[in-house]
Amino acid sequence: MKPMRRFKCSVCGYIYDESAGVPGQGITPGTTWEDLPEDFVCPLCMAPKGVFKLLEEAPHPDAGAGSAIIEDTHKAADGLDDGIKELSAGEISAICSSLAKGCEKQRLTEEMAAFNELADYFKTQVSDQGTSWDEVANELQEDMAARFERANAVARADEDRGALRSLVWSEKVSMMAKSLLERFAREGDAMLLNTKIFVCDICGLIMVGDVPPEICPVCKVPRFNIVEIERR
Amino acid sequence: MPAYRNIRLCGKDCMCLYVCPTGATNTENSIIDASKCIPGCMVCVTACPSGAISMIPDQYPPQQPKSTGVIAAQRTLGQSKVRQEKIAEAVAKATNSAVTNQFARAVAKSNLRMAEDILRESGYLLPQSGEVRELLTSLREKAGPGFPKDAAELLLTRLQG
């Protein structure tokens, strides 16, 4: 008999153990990964089957490869000319809305309003970037293929725990977004016709389902910070 | 350093009312009256069984410095998320389908939350930081038509490190 395997949800960390199944969902112990239905979703965070990864006692990734990436990125940073260094309107807008939240945490109400005003203004200054789902998917593909890996390598090398934390969240959120975009490309509006969609207001995780979870599967914030995006 | 009550956590145990020496916690809207609150007193913070009261620090520690490599990598990702937000908004605007519009708004919001978090970690964590001051100053210098000058002025005046 083949040894039983375990698969980990890359969004929330839930582990599917073939030897245990998910009795609550009628998946009997001993159900192999291949025998799980294609529409199986993570019992914890509703992520699709595609984001699960086989758990194995993996050796550490080759350290040499990591340092090559770091060198590249430092070179890239040195090569930034002033034109690229300058923040775009979209970046300024996001920075200002994030600083508004920083002020809110410090109970600086008027400062929060001022940062929000700046964020709104710069949002109107953002130039058009495209109008199709394909263009979103292409950017996201590039994030998953290279940008996260590079950012993680540099942040690890610098022991920048703040940056690492932001990357852990956003990589999981991106993974969920990618799988939902792919599902939407296949199913179209049917994907949401008879259910609801929620976004975590802290980390941005998108969740499709009838009810939001008690806590966000990625950043663990309680439900009151998970908002429903209504149809209108 | 005045006390602040988180209304979401407040269990109406009313211990703060009992222990507060000045009555600062006894307000109709449940917001602690900073003008009556004794800075650094902490009596209500210790007494609250729901852990709903905390002290607002007068000063925050300086930001951890960011390396140019981290800044470049975070910004590259942040720019991508900002771009995806903008495209998703355009999709939402262009579609006739209420469901596609709903999904596109969810994707846009998700990307904005990621962009905020990723870019905050490129050196813009603390509103009182030198980096933010520098940013506000340069925005004011380059102000185009419609730029909210008063907002920038207010921030430059109030947010001193």
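Residues numbered from 1 in each chain as written. Chains lettered and ligands numbered in written order. Predicted model: local features only at pLDDT ≥ 70, side-chain atom pairs only at ≥ 80, totals over all residues. Heavy atoms only, no water.

This paragraph deals with the domain arrangement of chain A. All names here are of chain A. Looking at chain A, the domain boundaries give domain 1 (1-59), domain 2 (89-125) and domain 3 (195-232). Of note, the centres of domain 1 and domain 3, computed from C-alpha atoms alone, are 23 Å apart. Taken together, the four residues of domain 1 in the interface contact nine residues of domain 3. Of the roughly 420 Å² buried between domain 1 and domain 3, counting both surfaces, carbon and sulfur atoms make up 72%. Taken together, domain 1 and domain 3 are joined by zero salt bridges. Scanning the region where domain 1 abuts domain 3 turns up zero residue pairs in polar contact (both at pLDDT 80 or more). Each residue belonging to the side of domain 1 that touches domain 3 can be placed in one class, and the counts come to four nonpolar, no polar and no charged. (Domains from an automatic or database assignment. Contact = heavy atoms within 4.5 Å. Buried area = accessible area lost by both parts, 1.4 Å probe. Salt bridge = Lys/Arg side-chain N within 4 Å of Asp/Glu carboxyl O. Polar contact = N/O pair within 3.5 Å; in protein donor to acceptor, adjacent residues only side chain to side chain. Nonpolar A, V, L, I, M, F, W, Y, C, P; charged D, E, K, R; others polar.)

Time to look at the pairing of strand β5 (residues 206-209) of chain A. Every regular strand shows the same layout, with side chains that alternate between the two sheet faces. Residue and element names in this part refer to chain A. Burial along β5 is two-sided: Ile-206 and Val-208 facing one way and Met-207 and Gly-209 facing the other are all buried. As defined by bridge partners, strand β4 (residues 196-200) adjoins β5 across four bridges and the pair is classed as antiparallel. In the strand pairing of β5, Ile-197 is matched with Val-208. Counting the residues between successive antiparallel strands, the hairpin from β4 to β5 contains five residues, one of them, Gly-204, with a positive phi of roughly 95 degrees. (Buried < 20%, exposed > 50% of the residue type's maximum accessible area, 1.4 Å probe, protein only. Helix = DSSP H or I, 4+ residues; strand = E, 2+ residues; numbered from the N terminus. Pairing = 2+ DSSP bridges.)

Taken together, the 82 residues of chain A in the interface contact 71 residues of chain B. Between chain A and chain B, roughly 6700 Å² of surface is buried when both sides are summed, and carbon and sulfur atoms account for 65% of that area. A salt bridge links Glu-139 of chain A to Arg-83 of chain B; its shortest N-O distance comes to 2.5 Å. The interface formed by chain A and chain B holds 34 residue pairs in polar contact (both at pLDDT 80 or more) in total. Contributing elements (two or more residues each) for the side of chain A that touches chain B: α1 (63-78), α2 (82-85), α3 (89-105), α4 (109-124), α5 (133-157), α6 (161-187), α7 (190-193) and β4 of chain A. The greatest single-element share of the side of chain A that touches chain B, amounting to 13 residues, is contributed by α6 of chain A. Classifying every residue of the side of chain A that touches chain B gives 42 nonpolar, 17 polar and 23 charged.

Our focus in this paragraph is the packing of aromatic side chains. Residue and element names in this part refer to chain A. Counting across every chain of the model gives 12 aromatic pairs over all chains. When the centroid spacing of 5.8 Å and the interplanar angle of 65 degrees are considered together, the rings of Tyr-16 and Phe-40 count as edge-to-face. Note that Tyr-16 is positioned in strand β2 (residues 15-17) and Phe-40 in the loop between β2 and β3 (52-54), a separation of 24 residues in sequence. Across the pair, exposure class does not vary: Tyr-16 and Phe-40 are buried alike. With centroids separated by 5.8 Å and ring planes inclined at 55 degrees, the aromatic side chains of Phe-40 and Phe-52 adopt a geometry described as tilted. (Phe/Tyr/Trp six-rings, centres within 6.5 Å; stacked < 30°, edge-to-face > 60°.)

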